[in-house]
Amino acid sequence: MLGEFDLINKFFNKPVTSANIPLSVGDDCALVKFIEGYNLAITTDTLNEGIHFFKDEDPFFIGYKSLLVNLSDLSAMGAEPIFFTLSLTLEQSDEKFLDLFAKGLFSLADKVHIPLIGGNTTKGPFSITISAYGKVKENQALLRSNAQVGDLIFITGSLGGSGLYVKYKNKELSLDDNIVNICHKEGMSMACRCDFASKLYPLSSCAIDISDGIFGDIKHVMEQSRVGALIDCNLIPYALSLQKAKLDEALKQKIALLSGGDYELLFTCRKEHRDQVLALAKACQVDVTCIGEILEKDLGLVVKNAKSKMNFLGYEHF
Ligand code: ADP
Ligand code: MG
């Protein structure tokens, strides 16, 4: 069976020649010409019950996360969010659910000052699709294709909180109540990195958001930039819930590296820009960690300090 990305490439990735569309399928957002000197960054993401959230999940959280995952793609282009649309497929019109869902959605929309400008509402199996739009200066978008050999690889925040929660909900492991509470808090404080990301250029010109696990996502950068990459597993910052969970260290590492859903930013920068990147992160109150380096293409993906055998593939829907 075709994998998710082979499927997209085989059937939907067609060449686009319009000068008004500088970037189409293949990056976190497409780019189209916008007002003078700017491109519009456009992304769309669907959330399905059982895949992106659990049936019994807090509706407020579902609303919050639906927008957050889209803003995450805007941040991966260095774009500043400007508005979004919402398409809802609902099994029923449940007012209590919708009230909380809308509160979660707008808590984030209001925080980043973006209006909901339209959408669509239909009946069917529950599913949420948001399209988010942002602006980014021409030739200043952070592209998956811009990594250069010798660049440092940074990530924002920490990894593994979402993966830990998913494993707990799927009964693959048990957690003390206080750790589950931390997981809930982490979910609700998943941060929009757009402000920091929109200031990264020219210190960085390459980014991707970590949605499918770090190895799957760095591979997109490697393919599109035609480079290799070194990741030092000992440098990966773990989410607080994962740090505190009473689990085997090798399992913790697997959860941090292989599970998706953290929606942090991975970006690269020249070594000489390291201090400026750290200063910018501090000014934006964003934690960043250098986790590796871009290598020559022939070296492929080099993973240092793995505590166990891992399958270095990211999450794919197929
Ligand atoms: P992300 O995880 O950053 O949202 P995806 O991994 O979902 O991106 O998709 C990779 C690329 O393929 C993106 O540029 C996206 O716009 C594009 N894409 C995904 N599905 C389709 C589709 N059905 N038709 C056209 N383009 C698609
Ligand atoms: Mg993305």
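Quick note: structure is the one above.
Residues numbered from 1 in each chain as written. Chains lettered and ligands numbered in written order. Predicted model: local features only at pLDDT ≥ 70, side-chain atom pairs only at ≥ 80, totals over all residues. Heavy atoms only, no water.

S.K.: What is the right way to look at the coordination of the magnesium ion (ligand 2) in this model?
M.R.: Octahedral metal centres with six donors ideally show angles of 90 or 180 degrees, and tetrahedral centres with four donors ideally show 109.5 degrees. For the magnesium ion (ligand 2), the protein coordination sphere consists of D28 (OD), D73 (OD) and D209 (OD), at 2.0 to 2.1 Å. Of note, the magnesium ion (ligand 2) draws all its donor residues from one chain, in the sequence arrangement D-x44-D-x135-D. One end of the pair, D28, is in the loop between helix 1 (4-11) and strand 1 (30-33); the other, D209, is in strand 7 (residues 206-210), with 181 residues separating them in the sequence. Comparing D28 with D209, the two get one shared label, buried. (Donors = N, O, S within 2.8 Å, 3.2 Å for Na, K, Ca; no water. Helix = DSSP H or I, 4+ residues; strand = E, 2+ residues; numbered from the N terminus. Buried < 20%, exposed > 50% of the residue type's maximum accessible area, 1.4 Å probe, protein only.)

S.K.: Would you mind going over the sheet that holds strand 2 (residues 38-48) with me for this structure?
M.R.: Sheet strands associate in pairs through backbone hydrogen bonding, adopting either a parallel or an antiparallel arrangement. Strand order in the open sheet formed by five strands is 1-2-5-3-4, with mixed pairing between adjacent strands. Looking along the sheet, the strands with just one partner apiece sit at the ends: strand 1 and strand 4 (116-123). In this sheet, adjacent strand axes meet at a mean angle of 20° when their direction is disregarded. In terms of strand pairing, strand 3 (residues 80-90) meets strand 5 (residues 127-137) through nine bridges, oriented antiparallel. Bridge pairing in strand 5 places P81 opposite G134. Where helix 2 (residues 59-75) meets the sheet, its contacts fall on strand 2, strand 3 and strand 5, and the angle it forms with strand 2 comes to roughly 140°. Those strands touched by helix 3 (residues 95-111) are strand 3, strand 4 and strand 5, and its axis lies near 165° from that of strand 3. (Pairing = 2+ DSSP bridges. Axes fitted to C-alpha atoms, helices over the stretch in contact; angles between N-to-C directions. Contact = heavy atoms within 4.5 Å.)

S.K.: Please clarify how the pattern of salt bridges should be interpreted in this entry.
M.R.: Pairs can form between side chains of opposite charge once their charged atoms are near each other. Per the counting criterion, the structure on display carries 13 salt bridges. Connected via shared salt-bridge partners are D27, D28 and R144. (Salt bridge = Lys/Arg side-chain N within 4 Å of Asp/Glu carboxyl O.)

S.K.: I keep staring at the packing of aromatic side chains and nothing clicks. Help me out?
M.R.: Two measures describe an aromatic ring pair: the distance that separates the ring centres and the angle between the ring planes. Counted according to the given criterion, the structure contains nine aromatic pairs. Each ring, one from F97 and one from F126, has its centre 5.4 Å from the other, and the planes form 85°; the classification is edge-to-face. With F97 in helix 3 and F126 in the loop between strand 4 and strand 5, this residue pair connects regions lying 29 residues apart in the sequence. In this pair, the class of F97 matches that of F126, namely buried. Residues F196 and F267 carry aromatic rings whose centres are separated by 5.7 Å and whose planes lie at 70° to one another, so their mutual orientation is edge-to-face. Of the two residues, F196 sits in helix 6 (residues 194-198) while F267 sits in strand 9 (residues 264-269), which places them 71 residues apart along the sequence. Summarising the burial analysis for this pair, F196 and F267 share the class buried. By way of ring pairs, the aromatic residues F53, F97, F101 and F126 are connected into one cluster. Above the face of the Y38 ring, K135 is positioned so that its terminal group lies 4.9 Å from the ring centre. One residue, K169, lies across the ring of F54, its end atom 5.5 Å from the ring centre. (Phe/Tyr/Trp six-rings, centres within 6.5 Å; stacked < 30°, edge-to-face > 60°. Lys NZ or Arg CZ within 6 Å of the ring centre and 35° of its normal.)

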